[in-house]
Amino acid sequence: MKRKKTKGPSVRRKGKNNKSGFFQDDRIRFITGFFLILFGLYLIFALISYFFTWKADQSFEYGKVFSGTSVTVHNWAGKTGAYLSYLLINKWFGIFSFTIPLFILDTGIRFFKIRTAPLGKVFRFLFFTTILGSFTISYILGSSNVYLGSGLGGSFGYFTIEWLNSLLGKIGNAFLLIFLDTVFILYYFHIPIFKPRKKIPYPDSNRENGGSIDADIPIDKDENQMKEKTQEEVPISLGEKINLEKGEESSVKAGYAGKDEDEVELTIEHRYPGEDRLSESQISNKPAGRYDPTLELSGYRMPPIQLLKDHETGNSKVSKEELLNNKNKIVETLANYKIRIDKIKATIGPTVTLYEIVPAPGIRISKIKNLEDDIALSLSALGIRIIAPIPGHGTIGIEVPNLHPDIVSMKSMITSRAFQDANYDLPVALGSTISGSPYVFDLARAPHLLVAGATGQGKSVGLNVIIASLLYKKHPAELKFIFVDPKKVELALYSKLEKHYLAMMPDAEDTIITDTDKVINTLNSLTIEMDQRYDLLTSAHVRFVNEYNEKFKSRRLNPEKGHRFMPFIVLVIDEFADLIMTAGKNIEFPLTRLAQMGRAVGIHLVIATQRPTTNIITGTIKGNFPTRIAFKVTAMIDSRTILDSPGANQLVGRGDMLIGSGSDLTRIQCAYIDTEEVEAITEYVASQQSYPMPFFLPEYTGEENGGANEMDMKQKDPLFEDAARLVVQHQQGSTSLIQRKLSIGYNRAGRIIDQLEFAGIVGPYEGSKARQVLIPDEYTLEQFLRDMG
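Bear in mind that the values here come from a model prediction, so they are computed numbers and not experimental data.

K.L.:
Talk me through the sheet that holds strand β20 (residues 627-631); I want residue IDs and the actual numbers.
P.N.:
Taking strand neighbours across the sheet as the criterion, the nine strands line up as β14-β13-β22-β21-β20-β15-β19-β18-β16 in an open arrangement whose pairing is mixed. Each having just a single partner strand, β14 (438-442) and β16 (479-484) make up the two edges of the open sheet. The average angle at which neighbouring strand axes cross in this sheet is 25°, direction not considered. Of the pairings in the sheet, the one linking strand β15 (residues 449-452) to strand β19 (residues 603-609) comprises four bridges and is parallel in character. Paired with Leu-449 across the bridge in β19 is Val-606. Sheet strands in contact with helix α16 (residues 576-583) are β16, β18 (568-573) and β19, and its direction is about 90° off that of β19. Contacting β18 and β19, helix α17 (residues 585-597) crosses the sheet at an angle of about 130° to β19.

Following this line, the structure appears as structure tokens:
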């Protein structure tokens, strides 16, 4: 594939030939553009004049219009204008011939570097407008209208319609024209008919501006907002806080995200595939001359919110009676051990209710902590967890599972203000906290994520939530995934994202990596990519990938010197234990290097396992994964292995989880997204225009493939000799030189440079510097090539 100069070497893009063309001279460009604009305007005046002068000029033969001065024409554009307008309007397309000078004008404007719609798209639109318009107006007016000589549709439209009428009849011809005109309108004006997958009711959606959907999505103004309720038994929603004083009937204050009448509406605009025009606000906010990595897929649109479902069960109401019963049992159990409390407060979440107690002065916290099992027995509940003390609150927390837990839908997380307004590099909406507020974190700051939990407790759903969050926020130019799935079924749906979001090795057969040997090669290839990125950061004198990309977008880094835009790369491994058991250190070593050094260059890891044992999650792994997620596990030792503290063994399952970063643990109900929703998202993404190929990682050849170099030399690239002459002529062994001069992709250029190294034409890789050329001149090279045969 050919590629643009401004694209990075690892990202395959379409582009132009890198050669000094005739139109590189600004004077030639100005003259050509100026001529086309004047000619287009001349042709428009001639066509307009034809409407007024065609009768006066039809008395002579247009074929002899240039023979002699005795022929007089009335067209404003003279004899040439009279002839051209007669040809276009009478003989060809009638009034729709105006599209021809419009196209000439558009082409002329481009020579002045004025950005318009893509030339191919303009041509296709005007071409089909001309043909179908000529047919349609000729059919409607028929032979009764002889205005302009042959009707408003021209001779082309008139005779074609007559032929179709004889072939299909007027009724059949009408159906054909209706079908063609409808297809044209739907395609070019992007009018959506069917939403991807099945329709999900969404009351306030409407369609405007050629397929845009403005969806008014209710989002909480304040997720902990209080409202008074005075019924004898009050249904209490998630996120509310209640003061429960001993011996008193307490007022109940409630408020829950997305369920109050006092709501703030946020408008999110979605556009449909094929609409590659940027909005005015987008254009005006971009500084002139900046490189835009999303420009090649400027028509790409994030998945619409309608693809997600509302999964709330509606039975999550917690009655005042349930709260008071739990409060009385907690107070009674503590009183049995002579522990007095001064105050108790309840905060209701989707899965558990947090009771915050303030013990009387002189009560030791450890004494309450040791009563965990006794409180669980008195409440007849599983999953009791005591937080002593709650950081920053000065209280002791007792988490008690709700009788009727609620489901937190992915839709409520994506539409939340916390996610929509998140100014993060890699925002992830993970779920809902006990207070009912969305939990959103930045994967780029994590910087890696370890996910563990017993089978069936929500680990795979959690991975889908992380991936879906990123798909709803990041453009394909900004993010690439590498999926490793030894079980072969959990991540298979994401194979449809191959040419949008996936990164892979050039010789990879499968988009989702399932074979252990291929996993090893991919991890080592990713470490090479990491090292190359560090070389580029060093040469750019920056420390982090964001600083580098900002310099590149500001055009302060030269692509001809190997610089490129660096998308974030997220490696997702679904069953890490299986890889460790089969490959051991071969997996752990490159993974550790990536975890230690990947953050600065935009490489982040998400690994999951259902076997949280010390031989799987080793000290080396844990030390490089500061952010960890624990779903329910069966034993306290497993919780300590994951989080370095107990607690995961006391979760209630079904998405109930703890996330820890350092010493802080937060209990979250993970959002729920089902397989059907994931499939709808991937189908929506896959239906849009993609890059010509995936994002290719650098090539890596394992030790077991030691004879690969000999095989490469037996099957030399067809451009091997041209590349050899090129590097010898320039005395510069550079991959980017070969890529630029031969107009080939970066990976192919890399393979050629490897073959040149093996043949002894260039020296070994030296980081960001060009390789040394070992052959001094072209004469010596020709002898060398003849000897190679």
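K.L.:
Which residues make up a nonpolar patch on the surface, and what values do they have?
P.N.:
Together, Phe-30, Ile-31, Phe-34, Leu-38, Leu-41, Phe-45, Ile-48, Phe-52, Trp-76, Phe-112 and Ile-114 make up an exposed nonpolar region whose accessible area comes to about 1100 Å². Here Phe-30 shows up in helix α1 (residues 26-57).

K.L.:
Please provide a residue-by-residue account of the environment of Thr-516, values included.
P.N.:
Relative to the helices and strands, Thr-516 is located in helix α14 (residues 516-540). Using a relative accessible area of 18% as the deciding quantity, one classes Thr-516 as buried. Taking the C-alpha atoms as reference points, Thr-516 and Thr-582, 66 residues apart in sequence, are found 7.5 Å from one another. Each residue touching Thr-516, except ones within four places of it in the same chain, is listed here: Leu-579, Thr-582 and Ala-583.

K.L.:
Please provide a residue-by-residue account of the nonpolar core, values included.
P.N.:
The nonpolar side chains of a soluble globular protein tend to be buried with one another. Within the largest apolar cluster, 110 residues are counted, with the highest numbers of intra-cluster contacts made by Leu-443 and Phe-481. Ranked by residues supplied to this core, first place goes to α14 with eight residues. Tyr-355, Ile-384, Ile-386 and Ile-396 belong to the second largest nonpolar core, which has 22 residues in total.

K.L.:
Give me the lowdown on the side chain of Ser-97, citing residues and values where you can.
P.N.:
Among the secondary structure elements, Ser-97 is positioned in the loop between α2 (78-93) and α3 (99-110). Looking at Ser-97, its side chain comes within polar contact range of the main-chain oxygen of Leu-88, at 2.6 Å. The contact partners of Ser-97, leaving out residues within four places of it in the chain, are Leu-47, Leu-88 and Ile-89.

K.L.:
Break down the side chain of Asn-464 for me, citing the residues and quoting the values.
P.N.:
Structurally, Asn-464 is set in helix α12 (residues 459-471). Taking the relative accessible area as the measure of exposure, Asn-464 reaches 13% and is therefore buried. Apart from the residues within four sequence positions on either side, Asn-464 is in contact with Tyr-494, Ile-673 and Val-678.

K.L.:
Lay out the packing of helix α22 (residues 720-730) against helix α24 (residues 746-759) in plain terms, naming residues and giving numbers.
P.N.:
Between α22 and α24, the shortest axis-to-axis distance is 10 Å and the interhelical angle comes to 75°. Accordingly, the angle class assigned to the pair α22 and α24 is roughly perpendicular. Facing α22, whose interface residues are Phe-720, Ala-723, Ala-724 and Val-727, α24 presents Ile-752, Gln-755, Leu-756 and Ala-759. Across the contact of α22 with α24, the residue classes break down as seven nonpolar, one polar and no charged.

K.L.:
Tell me about the packing of aromatic side chains, residues and numbers included.
P.N.:
All chains considered together, the criterion is met by 19 aromatic pairs. Residues Phe-51 and Phe-98 carry aromatic rings whose centres are separated by 6.0 Å and whose planes lie at 25° to one another, so their mutual orientation is stacked. Taken together, the residues span a long stretch of sequence, with Phe-51 in helix α1 and Phe-98 in the loop between α2 and α3 at a distance of 47 residues. For Phe-51, a relative accessible area of 22% corresponds to the partly exposed category. An aromatic cluster of three or more residues is present, and its members are Tyr-300, Phe-481, Phe-483, Tyr-494 and Tyr-501. Lying across the ring of Phe-419, Lys-473 places its NZ or CZ 5.4 Å from the centre.

K.L.:
Help me get a handle on unusual backbone geometry, residues and values and all.
P.N.:
Along the chain, Ala-446 connects to Pro-447 via a cis peptide bond; the corresponding omega equals -10°. Locating Pro-447 in the fold gives a position in the loop between β14 and β15. At Arg-654, a residue that is not glycine, the phi angle is positive and equals roughly 55°. Its location among the elements puts Arg-654 in the loop between α19 (636-643) and β21 (656-661). Classification of Arg-654 by relative accessible area gives exposed; the value is 70%. Of note, the phi angle at Gln-731 is positive, near 50°, even though the residue is not glycine. Of note, Gln-731 is situated in the loop between α22 and α23 (735-742). What makes Gln-731 partly exposed here is its relative accessible area of 40%.

The rules behind each value
Residues numbered from 1 in each chain as written. Predicted model: local features only at pLDDT ≥ 70, side-chain atom pairs only at ≥ 80, totals over all residues. Heavy atoms only, no water. Pairing = 2+ DSSP bridges. Helix = DSSP H or I, 4+ residues; strand = E, 2+ residues; numbered from the N terminus. Axes fitted to C-alpha atoms, helices over the stretch in contact; angles between N-to-C directions. Contact = heavy atoms within 4.5 Å. Patch = residues over 30% accessible without salt bridge, like charges linked within 9 Å, V, L, I, M, F, W, Y side chains within 5 Å. Areas by Shrake-Rupley, 256 points an atom, 1.4 Å probe, with all protein chains shown as cover. Salt bridge = Lys/Arg side-chain N within 4 Å of Asp/Glu carboxyl O. Buried < 20%, exposed > 50% of the residue type's maximum accessible area, 1.4 Å probe, protein only. Core = buried A, V, L, I, M, F, W, Y, C linked by side-chain atoms within 4.5 Å. Polar contact = N/O pair within 3.5 Å; in protein donor to acceptor, adjacent residues only side chain to side chain. Parallel < 35°, antiparallel > 145°, perpendicular 65-115°, else oblique. Nonpolar A, V, L, I, M, F, W, Y, C, P; charged D, E, K, R; others polar. Phe/Tyr/Trp six-rings, centres within 6.5 Å; stacked < 30°, edge-to-face > 60°. Lys NZ or Arg CZ within 6 Å of the ring centre and 35° of its normal.

Any link to function would need more than the numbers given here.
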